[in-house]
Structures are given as C-alpha cells and as structure tokens.
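# Close look at the chain arrangement
Listed below are the residues making up each chain.
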Amino acid sequence: MDNLKEAIKQLKKEKNAVILGHYYQRGEIQDIADFVGDSLALAQWAAKTDADIIVMCGVHFMGETAKVLCPDKKVLVPDMAAGCSLADSCPADEFAEFVKAHPGYTVISYVNTTAAVKAVTDVVVTSTNARQIVESFPQDEKIIFGPDRNLGGYINAVTGRNMLLWNGACHVHEQFSVEKIVELKKEHPGAVVLAHPECKGALLKLADVVGSTAVLLKYAVAHPEKEYIVATEAGILHEMRKQCPDTTFIPAPPADSTCACNECSYMRLNTLEKLYDCLKNETPEITVDPEVAEKAVRPIKRMLELSK
Ligand code: 13P
Ligand code: SF4
C-alpha cells in the first residue's frame, strides 16, 4: 500500500498531473488527492489548474465537466464505469424534448448530468449554489429544473418558486428512511441531523441542516461539540472525522440493513490500484464531442461566474 502511494506520487510529479477527489471517494483516495471537495469545488479547481493531466477521482459527469472546462488537458478517471444513477435518470434526448415542449422556460440543470444535457441548459447548479442561482432570477421566472426532483422540490419549498421538475433521483439518497432516522434520534436525542438535499422531502423536513457535502462538513467543523447523524453518502464521514476527531458522526443507516446502500457503488469503483494504472497508462480518458462541449461550457461558466 505504501509503495503504491509512493508510486502514484512519483508518477504525478513526472507527468505534471493533479489528483482531484470527491468527498465520497474511498478514504485512501481522499488522502492521496491534491484537493478534496464537493462537486462545485472540483469544477472550480479544474478550471484553474495548470497541470497537464487532471485525474478526476469521482464519477463520469465530474470528469466531463473538467474536460469541458479544460478541452486542451487530458482528463482521466480511474474507472470509466463510475457513473451516476441521477445523471442516468435524465437521458439527453428526452430532456431536450421536454425543454422543446416548454418554450419560454429558463433551463437550470444540476451538475449531476451528462455534457449533452448541459448543452441544452441555460445555467448549471450544484447543491452548494442551487438556491443562490435560482434566486438570482426574478420570482416569476418560468424555470425547468432537472434532473433531481428532491433537490428541485427542496428549492421550490425554500424559495416559494414553482419550478417545473424533471422526475429524476439518486438511488443512494432516496433510500434513506425517515423511520430509521427517527429511531436513531430516540437513541441520540441531542444529535443534529445533517442531510443532503438529494434525500426525499419527508426526510429533509426532519433534518436540522440541509446542504451539499461541503456545507454539511463546514457546519460540523464550526460546531464540533455536537453529535451528528449524517444522511448522505457515507464517504463524507472520512473528512468529517479527520477534521473533528473528537466528534461523534453516525452515518444514517441504509433502509435495508443487509446492504451497504448508503455508499455510492459508482464512487467506490475507484481504487488506489486503478488510480496508479490510470496515471501510468494515461487511460481511461474522458472525451466530449467538441460540438457538445462548446454548448455545455456556457452554462458551466455561467455557474462559476455566479458562484464567485
Ligand atoms: P455535492 O455537490 O454535495 O458534493 O454532491 C455530489 C453528489 O454526487 C451528491 O450525491
Ligand atoms: Fe450520483 Fe448518487 Fe452517486 Fe452522487 S451518490 S454520484 S448522485 S449516484
């Protein structure tokens, strides 16, 4: 393991590569990454790096976003099969039809989408900036929001909007159950419930803090004296425990206690071995059709501008 880590560091230096990791990655990958963050921070980091190679330790759409922002760089992902059920719930051709059927609507898409969906989008958002960006439009703006019905429903509820929602969801966040959290709260009455807005509306209603991975982490770091129940992918606990070693973090249990469904199977596909191979062989490489990339880059850059 130590040899592998050393070999990765060596290759990274030789090739002027940067390793970006999402909070849902395996702990050992987060530990070796040059930068660990939420999906907004990963896009911001990709946009400003001067490395020749970006290794995106996350899922496919994160690699695509980096490639669209940096078309002249080589963008690698350790395992090309690292997809996203939420992105899969929004096929580009069906979404384009939906947009066409609603002329006069502004199209806001969550970053968890393919580049082809972003290509028919006016502005991209992440869970960190979704509320702020939606609120930058007039209250009566006609908006299509896709693909996450839970995040969209949450933004509608907190902003009093009536955005038209695409009916998509993430299989990890949808499985958390209100009943299990209520049971946990009985055992830990003082615990603060942190939830990602991809969870179902009923769960978000009982959460104390709703936010992206970065927002939930920031809250916990600012209040280390509390105890937490964390309703998002369990990988975030690695950084939470690292930054708050004396705080108790309880992962929200999966609805079915026989599975590890609070882990994203796609995110877990990336391993140190695959990271080493990918740096060594410079493959698998993310490619995006240049015509699609030309259209997709505008709403991504618009998001980066609005998030400054
Ligand atoms: P964040 O933007 O909060 O990191 O979320 C990414 C993601 O895939 C959530 O499931
Ligand atoms: Fe996609 Fe859900 Fe995995 Fe996030 S946790 S990458 S939304 S499948």
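For every chain, the first residue of the written sequence is number 1, and numbering continues from 1 onward in sequence order. The naming scheme follows written order: chains are lettered A onward, ligands numbered 1 onward. Owing to the predicted nature of the model, reporting of local features is limited to residues with pLDDT of at least 70; listing and counting of side-chain atom pairs is limited to 80 or more, with chain, interface and lining totals taken over all residues. To get the side-chain values, all heavy atoms of the structure are used, and hydrogens and water are removed first.

## Considering the sheet that holds strand β6 (residues 123-125)
The following threshold applies: Two strands pair if DSSP finds at least two bridges between them. By the criteria applied, helices consist of DSSP H or I runs no shorter than four residues and strands consist of E runs no shorter than two, each listed in order from the N terminus. Contacts are residue-level and defined by heavy atoms, with any inter-residue pair within 4.5 Å sufficient. Helix axes are fitted only over the stretch in contact, all axes being lines through C-alpha atoms; the angle between N-to-C directions runs from 0 to 180 degrees.
As summarised here, the arrangement of the 4 strands in space is β6-β5-β7-β8, forming an open sheet in which the pairing is parallel. Two strands close off the open sheet at either side, each with one partner strand: β6 and β8 (164-165). Pairing analysis gives 4 bridges linking strand β5 (residues 106-110) to strand β7 (residues 143-146), with the strands arranged parallel. Bridge pairing in β7 places Thr-106 opposite Ile-143. Packing of helix α6 (residues 92-100) onto the sheet brings it into contact with β5, β7 and β8, and relative to β7 it is tilted by some 165 degrees.

## Focus: the sheet that holds strand β4 (residues 74-76)
Read from one edge to the other, the open sheet built from 4 strands follows the order β2-β1-β3-β4, with strand pairing classed as parallel. Of all strands in the sheet, those with a lone pairing partner are β2 (35-37) and β4, marking the two edges. Across this sheet, the average inter-strand angle for adjacent strands is 20 degrees, counted without regard to direction.

## Quick word on the site of ligand 1
Defined as follows: Residue proximity to a molecule or strand is established when one non-hydrogen atom of the residue lies within 4 Å of it. Here a polar contact means two N or O atoms within 3.5 Å. Within protein one must be a hydrogen donor candidate and the other an acceptor candidate, and residues neighboring in sequence count only if both atoms are side-chain atoms. Basically, the charged four are Asp, Glu, Lys and Arg, the nonpolar ten are Ala, Val, Leu, Ile, Met, Phe, Trp, Tyr, Cys and Pro, and anything else, Gly included, counts as polar.
The immediate surroundings of ligand 1 are formed by His-22, Tyr-24, Asp-38, Ser-39, Asn-112, Ser-127, His-173, His-196, Glu-198, Ser-212 and Thr-213. Measuring from an oxygen atom of ligand 1, one finds a side-chain N or O atom of His-196 at 2.8 Å. For the shell around ligand 1, a count of residues per class yields 1 nonpolar, 8 polar and 2 charged.

## Digging into the side chain of Asn-129
For Asn-129, the location among the structural elements is in the loop between β6 and α8 (130-135). A polar side-chain atom of Asn-129 sits 3.0 Å from a polar atom in the side chain of Ser-307. Not counting residues within four places of it along the chain, the set of residues in contact with Asn-129 comprises Leu-40, Met-303 and Ser-307.

## Observations regarding the site of ligand 2
Near ligand 2 you find Tyr-24, Val-59, Cys-84, Ser-85, Asn-112, Cys-170, His-171, Val-172, His-173, Glu-198, Cys-264 and Met-267, and these make up its full shell. Tallying contributions element by element places helix α10 (residues 171-174) first for the shell around ligand 2, with 3 residues. Residue classes in the shell around ligand 2 are distributed as 7 nonpolar, 4 polar and 1 charged.

## Side note on the state of the cysteines
Stated formally: Disulfides are defined in this document as cysteine sulfur pairs within 2.5 Å.
Counted by the stated rule, this structure contains 1 disulfide. The disulfide partner of Cys-259 is Cys-261, and the gap between their sulfur atoms is 1.6 Å. Measuring handedness by torsion sign, the sulfur bridge of Cys-259 and Cys-261 sits at about -120 degrees and is left-handed.

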